[in-house]
Structures are given as C-alpha cells and as structure tokens.
Amino acid sequence: MLMVQILPVWFAALLIGVPLFVSMGLAAIAFAFLGGFPLGIVPQKIAQSANSFPLLAAPLFILMGNIMNSAGITDRIFAFATACVGWLRGGLCHANILASVIFAGMSGSAVADAGGVGTLEIKAMKDEGYDAETAAAITAASATIGPIIPPSLPMVIYGVSADVSIGGLFLAGVIPGLLMAGLLMAMVVHVARKRDLPRHPFPGAAQLWVAYKEAHWALMTPVILFGGMMAGIFTPTEAAAVATAYALVLGLFVYRSFDLDDLPELVVQTVETTGVVLALVMTAAALGWCLSISRIPQVVGPMLVDLAGNPLVFLLIVNLLLLFVGCFMEALAAMLILIPILTPAAAQFGIDPIQFGLIFVLNLMIGTITPPVGVVLFVTAKVANISFESMSRAIVPWLMPLLAVLVAITLWPPLTTWLPNLVMGR
C-alpha cells in the first residue's frame, strides 16, 4: 500500500526534528510523487483547506483572548471569583477553578487560560502560602475546561475537519465543562480538609456586589456569545468577530485599560499563533487527501469495528488510543491526523457525531496536562517557576476528576447530546 510506503518519510522527518507541519507536507509530496499524481495537487489541497468560513473563528478567538489579557480583564474575573468562593476552605483553589470556567467562555484555549488568568492565580496562591506545585497543578487542571466550555478553538478545528456542526459542539461542551469544574472543586474540598488549607473571611454582600460590578461587562462576554448563537443571531464564526469587537470596546471605552498602541503587537502575536494552527490544518488536509486516496479510513474503520464488536468497546479503544497519543503529540496535530480515521468507524457504530467530538476533544485536552509533551504543563511550570518533573508529579491526583468526566460522557451520551437536541431540535 502506497501510504505505508511513505510513512518512513514522515517518521524520519519527525525523528530528525523537522516541524510536524513540514513532515506532513513532505509525506504528502512523497505520496503524490510515488503515486504518479501531479505534484501541483499537494499545494492545491493545502490552499483549498484554508478556504473555510468556519476556520475564520480561530484567529478571531485568539485575538479576543489576547485583548482580554492585555486589557486586564482577567484581573477583574479572578477578583470576582475570589469574592464568590474565597471564603471556602482552600478558597483560592476554588477561585482558580471558577475563574477558569468564566474565562473559558471567552478564550476557548487551555494555553491562553494557563498563561493568562493562570499567571494571576498562581501568584495569588503562592503569596497566600500555597506551595507552588499545588498552585500550578490546580491551574493546569482547571485550564483544560477552557476548550470544553464554548467558545472552543479545538471544537472549531474538529467541526471543520469532521464536518460536524460547530454550534452543536459548543452546546455539547457546556454540561461536561461544568461537571469538570464541579468535580475539581469536590477534589479541592477533600484536599483542603486534609491539608487544612487557608480561606478568606466572607467579604459580605456589599463587597461581593462591588466585585460583581467591576467584572460585570467582562462576565457578559460568554452571555452575549452563547445567547447570540442560541438565538440564531450569529454563527460561531460571526460570534468570534462580535467577541473580538466587544473585547476592544471593553478595553478602550468601558475599563479604559487598553491602549490602541498595543493592538499592532497583539495582532502580530495572533498572526504567529494562527500561523502555527493553520500550517498544521492545511498540511494535515493534504495528508488527509493521501489517506482518503489510499482508502485508509475504509480499511481501518471496518478493522476497528470488527475488533471492537460494539460501541462501548470501540469507545474504550478510542479513549485509550487518544489518551496515549495525547501524551506524545500536540492536540491539534493529533486531531487532524486521527479524525479522518476514527470518525467513519464511529459512524458505523451509530455513535452521535457530537458525542464523539466531545470525547475526542476532552481526551486530547487531558493530553495537554500529561507528560512528556503536555504543553499546558510546560506553561504552568514556567509560570510557577518549578521543574517540569515536579509539575508532572503534582498533576497526577488532579487527573482523576477529569478522567471521571471522560468516563461519564462516554457511558451516558445525554451529557453531551441533551443540550444540542433541546436548542437545535436535532
């Protein structure tokens, strides 16, 4: 099989340190050359993949997150979260998780959460006497909520690649995201009692109201995004544009904490991040064409179906595979490579594509906090100024609540399908 023949090209490129998108492009070119196809078809497939209206949401959501961080909006969110739950035992741990839930409705990125509001959270926790490992581990674990509660950059990529409703995926992430937060907070309750963690005095209704007023317009961001999409006022892509404009208005005119002189630098940062994402998406599309021509999905799909025998066993295999892959590969790259192979097999079992999408995304988000290639672990370790080895040990207990949610959405589809069915009449 031709695709098998070019795999050594791909792996050899990866082993010598060639960037993943370059290695995928080289593999696609090798496939076209050995298969007798015109070499011009590879850049054609690469260019075609970028001609996608839903994909426009990616740079817009990235820009919105950058503006939110630069304008100091994350400070207000964390202050409000602390006022709400800081009086509980281990209050800053609870505030960390609640702030991540709120910020998830704005950024849609685990790395943005860890590097943005996570910086404030870790500093505040260390200042209050928490050890750096605990502060970093909770920050990393709660950051995985970012891509599950809408908006979500990985869900945009999944929806485009698998031809699944992005709006449906967004809706499907709400309940699992809140469940992740609830179980993480339950874990905090257990740890706080065991370690006698500190808590703040209850601020009182007046101070709580002040904190809410300070954060009010920032808290309206997910309401506007989610409400607009549910009401059919705008699509997820248009919601990204609305959110970016709203973030600018907040920074420039409401909080007056943002300077237009900062915008060019943020645009450059956004372009750099988007460039990495699009390079992966575009070259993966070319490699996906190679997989399709080689009939890999048609061959592997029935093999998985025969091996699994029933949907639950298939989902168990997929979960184990994705958790393993997530330990060694960046999430977006893993999605782009595995979506064309696994989604046809899921369809043969009659698994709801939205449920499968959430399972796919959650697995790989857990992968961002598992060594040796957990990108969120690297970010939080750097912010907390601890070694990657210490970070890797500290995160282990906090994986348990996230894995529990993964098991729940695997065994009980309504956790992911009920809300999309209710709102979209699926």
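Conventions used here
- Residues numbered from 1 in each chain as written.
- Predicted model: local features only at pLDDT ≥ 70, side-chain atom pairs only at ≥ 80, totals over all residues.
- Heavy atoms only, no water.
- UniProt positions renumbered as here; feature names shortened; annotations may be inferred.
- Helix = DSSP H or I, 4+ residues; strand = E, 2+ residues; numbered from the N terminus.
- Rg over C-alpha atoms; globule rule 2.2 N^0.38 Å.
- Buried < 20%, exposed > 50% of the residue type's maximum accessible area, 1.4 Å probe, protein only.
- Axes fitted to C-alpha atoms, helices over the stretch in contact; angles between N-to-C directions.
- Parallel < 35°, antiparallel > 145°, perpendicular 65-115°, else oblique.
- Left-handed = near helix turned anticlockwise from the far one by under 90°.
- Contact = heavy atoms within 4.5 Å.
- Nonpolar A, V, L, I, M, F, W, Y, C, P; charged D, E, K, R; others polar.
- Arc of directions from axis to C-beta.
- Polar contact = N/O pair within 3.5 Å; in protein donor to acceptor, adjacent residues only side chain to side chain.
- Disulfide = S-S within 2.5 Å.
- Core = buried A, V, L, I, M, F, W, Y, C linked by side-chain atoms within 4.5 Å.
- Expected span 1.5 Å × (residues − 1).
- Patch = residues over 30% accessible without salt bridge, like charges linked within 9 Å, V, L, I, M, F, W, Y side chains within 5 Å.
- Areas by Shrake-Rupley, 256 points an atom, 1.4 Å probe, with all protein chains shown as cover.
- Salt bridge = Lys/Arg side-chain N within 4 Å of Asp/Glu carboxyl O.

- In the nomenclature of an unreviewed UniProt entry, the chain corresponds to TRAP transporter large permease protein from the organism Bosea massiliensis.
- According to its UniProt record, the chain has this under Function (unreviewed entry): "Part of the tripartite ATP-independent periplasmic (TRAP) transport system."
- Recorded in UniProt for the chain, the comment headed Subcellular location (unreviewed entry) runs: "Cell inner membrane".

1. Quick word on the overall build of the chain
Then comes step 1: Per the secondary structure count, the chain includes 22 helices and zero strands.
Then comes step 2: Relative to a compact globule of 426 residues, whose C-alpha radius of gyration would be 22 Å, the chain shows 22 Å and is just as compact.
Then comes step 3: Overall, the C-alpha framework of the chain stretches about 70 × 50 × 50 Å when taken along its three principal axes.
Then comes step 4: A burial count over the chain gives 53% of its 426 residues as buried.

2. Notes on the packing of helix 2 (residues 20-34) against helix 15 (residues 263-293)
Then comes step 1: Remark: helix 2 packs on helix 15, axes separated minimally by 9 Å, with the N-to-C direction vectors making an angle of 30 degrees. When the axes of helix 2 and helix 15 are compared, the pair comes out roughly parallel. For the pair helix 2 and helix 15, the sense of crossing is left-handed. Of the residues in helix 15, those touching helix 2 at Leu-20, Phe-21, Met-24, Gly-25, Ala-27, Ala-28 and Phe-31 are Ala-279, Leu-280, Thr-283, Ala-284, Ala-286, Leu-287, Trp-289, Cys-290 and Ile-293.
Then comes step 2: Class assignment of the residues belonging to the contact of helix 2 with helix 15 gives a composition of 14 nonpolar, two polar and no charged.

3. Side note on helix 3 (residues 41-50)
Then comes step 1: Taken together, the buried positions of helix 3 are occupied by Ile-41, Val-42, Ile-46 and Ser-49. End-on view of helix 3: buried residues confined to an arc of 140 degrees, all on one side of the axis.
Then comes step 2: In this structure, the buried side of helix 3 is in contact with helix 2 and helix 15.

4. Comments concerning the environment of Asp-196
Then comes step 1: Its place among the elements puts Asp-196 in the loop between helix 12 (174-195) and helix 13 (204-230).
Then comes step 2: For Asp-196, a relative accessible area of 54% corresponds to the exposed category.
Then comes step 3: Taking the C-alpha atoms as reference points, Asp-196 and Thr-237, 41 residues apart in sequence, are found 46 Å from one another.
Then comes step 4: A polar atom in the side chain of Asp-196 sits 3.3 Å from the side chain of Arg-89.

5. Section: the state of the cysteines
Then comes step 1: Applying the stated criterion to the full structure yields zero disulfides.
Then comes step 2: The thiol of Cys-84 is not disulfide-bonded; the next cysteine sulfur, from Cys-93, is found 16 Å away.
Then comes step 3: Under the relative-accessibility criterion, Cys-84 is labelled partly exposed at 24%.

6. Here we look at the nonpolar core
Then comes step 1: Residues Phe-314, Phe-356, Phe-360, Ile-395 and Trp-398 are the most contacted members of the largest nonpolar core, which totals 147 residues.
Then comes step 2: Here the element with the most residues in this core is helix 18 (residues 331-348); it accounts for 13 residues.
Then comes step 3: Apart from residues lying up to four places away in sequence, Phe-356 is in contact with Tyr-158, Phe-314, Leu-315, Val-318, Leu-342, Thr-343, Ala-346 and Ile-351.

7. Notes on the side chain of Thr-221
Then comes step 1: By the element assignment, Thr-221 lies in helix 13.
Then comes step 2: Residue classification places Thr-221 among the buried positions, given a relative accessible area of 1%.
Then comes step 3: Setting aside its immediate chain neighbours within four residues, Thr-221 contacts Met-64, Met-68, Met-106, Tyr-246 and Leu-250.

8. Some words on unusual backbone geometry
Then comes step 1: In this structure, Asp-163 takes a positive phi of about 55 degrees despite not being glycine.
Then comes step 2: Mapped onto the secondary structure, Asp-163 falls in the loop between helix 10 (153-162) and helix 11 (166-172).
Then comes step 3: Its relative accessible area of 72% is what places Asp-163 among the exposed residues.
Then comes step 4: Residues other than glycine seldom take positive phi values, yet Asn-385 does so here, at roughly 60 degrees.
Then comes step 5: Residue class for Asn-385 comes out exposed when judged on its relative accessible area of 67%.

9. Remarks on the packing of helix 17 (residues 311-326) against helix 18
How two helices sit against one another is set out by the angle between their axes and by the gap between those axes.
Then comes step 1: One can describe the packing of helix 17 onto helix 18 by two numbers: an axis separation of 12 Å at closest approach and a directional angle of 175 degrees. It follows from the interaxial angle that helix 17 and helix 18 lie roughly antiparallel. Residues Phe-314, Val-318, Leu-321, Leu-322 and Val-325 of helix 17 form the contact with helix 18, whose own contacting residues are Ala-334, Leu-338, Leu-342, Ala-345 and Ala-346.
Then comes step 2: In the contact of helix 17 with helix 18, the residues fall into ten nonpolar, no polar and no charged.

10. Quick notes on helix 9 (residues 132-143)
Then comes step 1: Over its twelve residues, helix 9 runs 16 Å from end to end, which matches the ideal 16 Å to within 8%, given 1.5 Å per residue.
Then comes step 2: Within helix 9, eleven of the twelve residues are buried, leaving the element largely enclosed by the surrounding structure.
Then comes step 3: Among the residues of helix 9, those classed as buried are Ala-132, Thr-134, Ala-135, Ala-136, Ala-137, Ile-138, Thr-139, Ala-140, Ala-141, Ser-142 and Ala-143.

11. Brief notes about a nonpolar patch on the surface
Then comes step 1: On the surface, Val-9, Leu-26, Ile-29, Phe-33, Leu-34 and Leu-39 cluster together into a nonpolar patch covering about 550 Å² of accessible area.
Then comes step 2: In terms of residues, the nonpolar patch owes the most to one element, helix 2, which gives four residues.
Then comes step 3: Residue position: Leu-26 is located in helix 2.
Then comes step 4: Judged by relative accessible area, which is 39%, Leu-26 ranks as partly exposed.

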